[in-house]
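Descriptive analysis of the structure
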Amino acid sequence: METTTLDKLPLGQEAIIAKVGGEGSILRRRLLDMGLTPRTRVMVRKRAPLGDPLEISLRGYELTLRADRAEAQAYGSTAALRQNRPLSDA
């Protein structure tokens, strides 16, 4: 399965969260509480002029993340989207 970090996704690109990591359990818990959970479909909506922060759309709302947090924490799978597979097969 092809994976990439959210900060590397181009604008308008959709992905499915494959896993959420974190340097500490508190940061990981916060990201999970904000809805960044495995098998969640996300889309990069906006990016600041210098690339940080970025705004992603998920679960019907927009979430703004610092690029370094998106790079280290959430990984999106684009393979399932290109093959039009349902989320349960991602």
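Preceding block: the structure.
A short tour of the structure in this document, coming up. This is a predicted model, so every value here is computed, not measured. (Residues numbered from 1 in each chain as written. Predicted model: local features only at pLDDT ≥ 70, side-chain atom pairs only at ≥ 80, totals over all residues. Heavy atoms only, no water.)

1. Structural notes on the overall build of the chain
Applicable threshold: Where helices and strands are cited, they refer to DSSP runs of H or I of at least four residues and of E of at least two residues respectively, numbered from the N terminus. When a residue's accessible area, from a 1.4 Å probe over protein chains only, is under 20% of the maximum for its type it is buried; when over 50% it is exposed; and in between it is partly exposed. Residues are treated as being in contact if the distance between any of their heavy atoms lies within 4.5 Å. Accessible surface area values rest on a Shrake-Rupley calculation with a 1.4 Å probe, where residue burial reflects the displayed protein chains alone.
Secondary structure summary: the chain contains 3 helices and 6 strands in total. Of the regular secondary structure in the chain, the N- to C-terminal order runs β-β-α-β-β-β-α-β-α. Expressed as a percentage of its 90 residues, the buried residues of the chain come to 38%. In the chain, once contacts between residues fewer than 6 apart in sequence are set aside, the share between residues at least 24 apart is 61%. In the form shown here, the chain has an accessible surface area of approximately 5300 Å², with 49% of it arising from carbon and sulfur atoms.

2. Re the environment of proline 10
Looking at where proline 10 falls in the secondary structure, it is placed in the loop between β1 (3-5) and β2 (14-20). For proline 10, a relative accessible area of 46% gives the class partly exposed. Proline 10 sits 36 residues away from lysine 46 along the chain, and the two C-alpha atoms are 9.5 Å apart. Leaving out residues up to four positions away in the same chain, proline 10 has contacts with Val44 and Arg47.

3. Considering the pairing of strand β4 (residues 54-58)
Where we set the bar: Each pair of strands is called paired provided DSSP finds at least two bridges between the two strands.
In terms of burial, β4 is a largely internal element, 5 of the 5 residues being buried. Bridge count between strand β3 (residues 41-47) and β4: 5 bridges; the pairing is antiparallel. Note on β4: the bridge partner recorded for methionine 43 is serine 57. Two elements, β4 and strand β5 (residues 61-65), share 5 bridges in a ladder whose sense is antiparallel.

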